[in-house]
Amino acid sequence: MRFLTIRYFHEVAKLGSIRRAADRLHVAPSAVSRQIAQLETELDAVLFERSKIGVQLTAAGEVLQRETRRIFQDLSRARTALDDLRGLRRGEIVIWLLEGLVSGFLPRIIATFNQRYPDVTFNVQTAPTDRIIEALLEDWADIGITFNAAPRAEIEVVGEFVEPISCLVSKTHAYAGRKQLKMADICKQPLALPEHSFGLRQVFERAVRKRGYKPNVVVTTNSLELTKTMAATGQVIAFMPALTVTHEVETGSLLVIPVDEPEFAAARSSVSVHRDRPLPHAARAFLRLLTEESQAAAERIQAIRKR
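Residues numbered from 1 in each chain as written. Predicted model: local features only at pLDDT ≥ 70, side-chain atom pairs only at ≥ 80, totals over all residues. Heavy atoms only, no water.

S.K.: Requested: an account of the pattern of salt bridges, with residues and values cited.
M.R.: If charged atoms from side chains of opposite charge come close, those side chains can pair. In total, this model carries 16 salt bridges according to the counting rule given. When the shortest N-O distance is used, the salt bridge between R50 and E40 registers 3.2 Å. Of the two residues, R50 sits in strand β1 (residues 48-51) while E40 sits in helix α3 (residues 29-43), which places them 10 residues apart along the sequence. Of the residues examined, R50 reaches a relative accessible area of 46% and is grouped as partly exposed. Two residues, R131 and E134, come together in a salt bridge whose shortest N-O distance is 2.9 Å. Taken as a pair, R131 and E134 lie in helix α7 (residues 129-137) at a separation of 3 residues, close to a single helical turn. For R131, a relative accessible area of 36% corresponds to the partly exposed category. Overlapping salt bridges bring together E11, K14 and R24 as one network. (Salt bridge = Lys/Arg side-chain N within 4 Å of Asp/Glu carboxyl O. Helix = DSSP H or I, 4+ residues; strand = E, 2+ residues; numbered from the N terminus. Buried < 20%, exposed > 50% of the residue type's maximum accessible area, 1.4 Å probe, protein only.)

S.K.: Before we move on, can you summarise the sheet that holds strand β7 (residues 166-169) with the specific residues and values?
M.R.: Pairing within the open sheet is antiparallel, and its 3 strands lie in the order β10-β7-β11. Sheet topology places β10 (238-240) and β11 (255-258) at the edges, where each strand pairs with a single neighbour. Taken over all neighbouring pairs, the strand axes of this sheet differ in orientation by 40 degrees on average, direction set aside. In this structure, β7 lies alongside β10, joined through 3 bridges in antiparallel fashion. Bridge pairing in β10 links L168 to A238. Helix α10 (residues 224-232) contacts β7 and β10 of the sheet and is inclined by roughly 125 degrees relative to β10. (Pairing = 2+ DSSP bridges. Axes fitted to C-alpha atoms, helices over the stretch in contact; angles between N-to-C directions. Contact = heavy atoms within 4.5 Å.)

S.K.: So what about the state of the cysteines? Which residues, and what values?
M.R.: Under the counting rule described, the total for this entry stands at 0 disulfides. C167 takes part in no disulfide bond, and the closest cysteine sulfur, belonging to C187, lies 9.6 Å away. (Disulfide = S-S within 2.5 Å.)

S.K.: For the packing of aromatic side chains, give the residues involved together with the corresponding values.
M.R.: Tallied over the full model, the rule gives 9 aromatic pairs. Centroid distance F113 to F286: 5.3 Å. Interplanar angle 90 degrees. Geometry classified as edge-to-face. Remark: F286 occurs in helix α13 (residues 281-305) and F113 occurs in helix α6 (residues 106-116); sequence separation between them is 173 residues. Both residues of the pair, F113 and F286, count as buried. Between F239 and F264, the ring centres sit 5.9 Å apart and the planes meet at 80 degrees, which makes this aromatic pair edge-to-face. Here F239, found in strand β10, pairs with F264, found in helix α12 (residues 262-265); they are 25 residues apart in sequence, far enough to count as distant. By the burial criterion, F239 is buried, and F264 matches it. Among the aromatic side chains, those forming a connected cluster through ring pairs are F113, Y117, F122 and F286. (Phe/Tyr/Trp six-rings, centres within 6.5 Å; stacked < 30°, edge-to-face > 60°.)

Structure (structure tokens):
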């Protein structure tokens, strides 16, 4: 079994598509298909179920993927150890976080770090909180930024701060002049919410169940950016933690209105790592900067909202 064949299998299993794996590997899809076919012949097992939308692992494929994932994780750790010998001259930092933070404060932090260490690269993935925790547990991520995540013994919270969930509305919305909103008022309006795997949606649903309300949810999406854009139309209300709307709050392009709900006020953001996995040198340095800047950004938002 050649390493090249294992690598091709690993990419197809990870991406769920032969074409996407071929693009990542910079080869023709037919070359990837041939390697997969040879591997299936050698192992006398069908590894993928093919369909029009991609491929899915069979039971045999899942067994092999668990082993190949360990191989590539070990290789990644070896490269990291070599990079550590060179200090911060090289390395890759893998971050998983909520989508809203990508357009908020994170770009500025990455840019600051890049100026200091230009040869350190970043791999940034957006996902709901549940998937971010999974990425940390599976060693897919060095650093995870979650929202209202349930405690896990394997996860170490490096930095955490209270970040109340607020309503996000346009200046033309009927509630634009309100200083605070109650859940009864909110549930009368059309809402744009993230899907159920998001910590934000879970907080919202616990609050409405407790009070027996039936919210008018017109948009459910896996994109926090879409809920923000929908709020800008003036037709719906969205919900966001402070750090996801840093730019909008500072420029005044959208209004953030506090919600009179204890669970909304107690929501929190967390910067987390895997407790038993030592971070590479570059990731440790970035983590220090990230926690400092996250706290500073949260304090700026609170100051603006108190004006």
